[in-house]
Amino acid sequence: MADTRRCAHPKVIVTRALPDVTMRRLHELFDVRGNADDTPMTRAHLAAAMAEGDVLVPAVTDVIDAALIDGAGDRLRLIANFGAGVNHIDLKAARARRIIVTNTPGVLTEDTADMTMALILSVPRRLAEGEKLVRSGEWKGWSPGGMLGYRIGGKALGIVGMGRIGQAVARRARAFGLSIHYHNRHRLPKVVEAELNAAWHPNLDEMLGAIDILTIHTPLNADSRDLIDARRIALLRAHVFVINASRGGILDEDALVDALEGGRLAGAGLDVWRHEPEIDPRLLALSNVVMTPHMGSATWEGRVASGEKVIANIRMWADGHRPPDQVLEGWA
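About the cut-offs
- Residues numbered from 1 in each chain as written.
- Predicted model: local features only at pLDDT ≥ 70, side-chain atom pairs only at ≥ 80, totals over all residues.
- Heavy atoms only, no water.
- UniProt positions renumbered as here; feature names shortened; annotations may be inferred.
- Helix = DSSP H or I, 4+ residues; strand = E, 2+ residues; numbered from the N terminus.
- Domains from an automatic or database assignment.
- Axes fitted to C-alpha atoms, helices over the stretch in contact; angles between N-to-C directions.
- Parallel < 35°, antiparallel > 145°, perpendicular 65-115°, else oblique.
- Left-handed = near helix turned anticlockwise from the far one by under 90°.
- Contact = heavy atoms within 4.5 Å.
- Nonpolar A, V, L, I, M, F, W, Y, C, P; charged D, E, K, R; others polar.
- Patch = residues over 30% accessible without salt bridge, like charges linked within 9 Å, V, L, I, M, F, W, Y side chains within 5 Å.
- Areas by Shrake-Rupley, 256 points an atom, 1.4 Å probe, with all protein chains shown as cover.
- Salt bridge = Lys/Arg side-chain N within 4 Å of Asp/Glu carboxyl O.
- Buried < 20%, exposed > 50% of the residue type's maximum accessible area, 1.4 Å probe, protein only.
- Pairing = 2+ DSSP bridges.
- Right-handed = clockwise from strand over helix to strand, strands pointing away.

Q: Explain the UniProt feature "domain: D-isomer specific 2-hydroxyacid dehydrogenase NAD-binding" (unreviewed entry) in the chain to me, and be specific about the residues and the numbers.
A: Residues annotated by UniProt as "domain: D-isomer specific 2-hydroxyacid dehydrogenase NAD-binding" (unreviewed entry) correspond here to residues 117-296. Taken end to end, residues 117-296 comprises 32% helix and 16% strand; its first and last C-alpha atoms sit 10 Å apart.

Q: Talk me through the domain arrangement of the chain; I want residue IDs and the actual numbers.
A: Split into domains, the chain comes out as domain 1 (11-103 + 299-319) and domain 2 (109-291). Here domain 1 and domain 2 have C-alpha centroids that lie 32 Å from each other.

Q: I'd love a proper account of the packing of helix α1 (residues 20-29) against helix α13 (residues 300-318), names of residues and values included.
A: The description of two helices packed together rests on the angle between their axes and the distance between the axes. Where α1 contacts α13, the two axes come as close as 9 Å, and the packing angle between them is 15 degrees. One finds that α1 runs roughly parallel with respect to α13. When you trace α1 past α13, the crossing you get is right-handed. Across the interface between the two elements, Val21, Thr22, Arg25, Leu26 and Leu29 of α1 pack against Val304, Gly307, Ile311, Ile314 and Arg315 of α13. When grouped by side-chain class, the residues that make up the contact of α1 with α13 number six nonpolar, two polar and two charged.

Q: Just give me the short version of a nonpolar patch on the surface, but keep the residues and values in it.
A: A grouping of Val134, Trp139 and Trp142 is seen on the molecular surface, where their side chains present a nonpolar patch of about 450 Å² in accessible area. Position of Val134 among the secondary structure elements: in helix α6 (residues 127-136). You can call Val134 exposed: its relative accessible area is 52%.

Q: Provide a residue-level description of the pairing of strand β11 (residues 267-270), including the pertinent values.
A: In β11, alternate side chains face the same way, and those of Gly267 and Gly269 on one face and Ala268 and Leu270 on the other are all buried. As judged from the four bridges shared by strand β10 (residues 241-244) and β11, these two strands associate in the parallel manner. Of the residues in β11, the one forming a bridge with Val242 is Ala268. Handedness of the crossover joining β10 and β11 through helix α11 (residues 253-261): right-handed.

Q: An account of the sheet that holds β10 is needed here, citing residue identities and associated values.
A: Strand order in the open sheet made by the seven strands is β8-β7-β6-β9-β10-β11-β12, with parallel pairing throughout. Looking at which strands have only one partner, the edges of the open sheet turn out to be β8 (198-200) and β12 (289-291). Across the sheet, the mean angle separating the axes of adjacent strands is 20 degrees when strand polarity is ignored. Sheet topology places β11 next to β12; three bridges connect them, and they run parallel. Looking at β12, one finds that Ala268 is bridged to Val289. In the packing of helix α7 (residues 164-175) onto the sheet, the strands contacted are β6 (156-160), β7 (179-183) and β9 (213-216), and the crossing angle to β6 comes to about 170 degrees. The sheet strands contacting α11 are β10, β11 and β12, and the helix crosses β11 at an angle near 145 degrees.

Q: Go over the environment of Gly154 with me, naming the residues and quoting the values.
A: You can see Gly154 is positioned in the loop between α6 and β6. Once the C-alpha coordinates of Gly154 and Asp212 are considered, the two residues, 58 residues apart in sequence, prove to be 9.6 Å apart.

Q: Please provide a residue-by-residue account of the UniProt feature "domain: D-isomer specific 2-hydroxyacid dehydrogenase catalytic" (unreviewed entry) in the chain, values included.
A: Annotation from UniProt places "domain: D-isomer specific 2-hydroxyacid dehydrogenase catalytic" (unreviewed entry) at residues 12-327. Spanning residues 12-327, this segment combines 36% helix with 14% strand, and its end C-alpha atoms are found 19 Å apart.

Q: Break down the pairing of β9 for me, citing the residues and quoting the values.
A: Covered by surrounding structure in β9 are Ile213 and Thr215 together with Leu214 and Ile216, the residues of both alternating faces. The pairing of β6 with β9 spans four bridges and is classified as parallel. Bridged to Gly158 within β9 is Leu214. Here four bridges tie β9 to β10, and the two strands are oriented parallel to one another. Looking across to β10, one finds that Leu214 is bridged to Val242.

This is the structure in structure tokens:
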């Protein structure tokens, strides 16, 4: 069972600079220590925060591993993550210490799907290349063969992971005339498949050989790490575009670069990275790769909504109740 003992005025340590409206409300409700300059905390700073706080509010940049959790003070009873993904938190170690972990699901679905659709459009139509050409001053005007890309309509989109975001992407893609194929651990209900006109592929390898665009929307965990590896990249046909706005660890970047450099893939759109913020210089040199700085969920509305969920989770826990967004994986 999770520990939901009441904590009337908890000390809350926030690791990054959250929206002003969120921070103001946190300060009104709790004893808060923030991070105004938004510099990611070092491991030593995280350890100190976890030793003195009742609640830690981390973000995706904070790796909360077993060693940090084992060294946390007895006061720490809640990790209220700012964001939906929790692959940076060792849930098993938190469970062993009876520390509740919460996240902010659902509020970033539409924003991430919008970004994914933007990448799906940008890469085949060479939007980034065209924008750079105009800015360079070297554009000589329209020509029949200038900046030719590829039509979106009529192509087959393969979605890996058909949760909230995958389904939101499918709805957008249908409006652009893409046919929808998906691989998921469990098949969607028939009514949802019918709504999306989506074809389920129980075998991921089989789907990869039948699509024109691949987009990744599965969480990063032990099962999905390196899911799209060199072997699976080799199953994609040479005209395929790869889109990743999920997590960098799901896609083997080295194998992707090798395929792009060797002409075995047509291009890629990447919003997440294996070792972000470091980017492989070979990717930077490729004109057929559209790169964005992990901004798939970066909207004012989404960030504020995430902050509201963090506050709701802390308030419920402080009142002695189970938080609404408790991450239950690994809990009894």
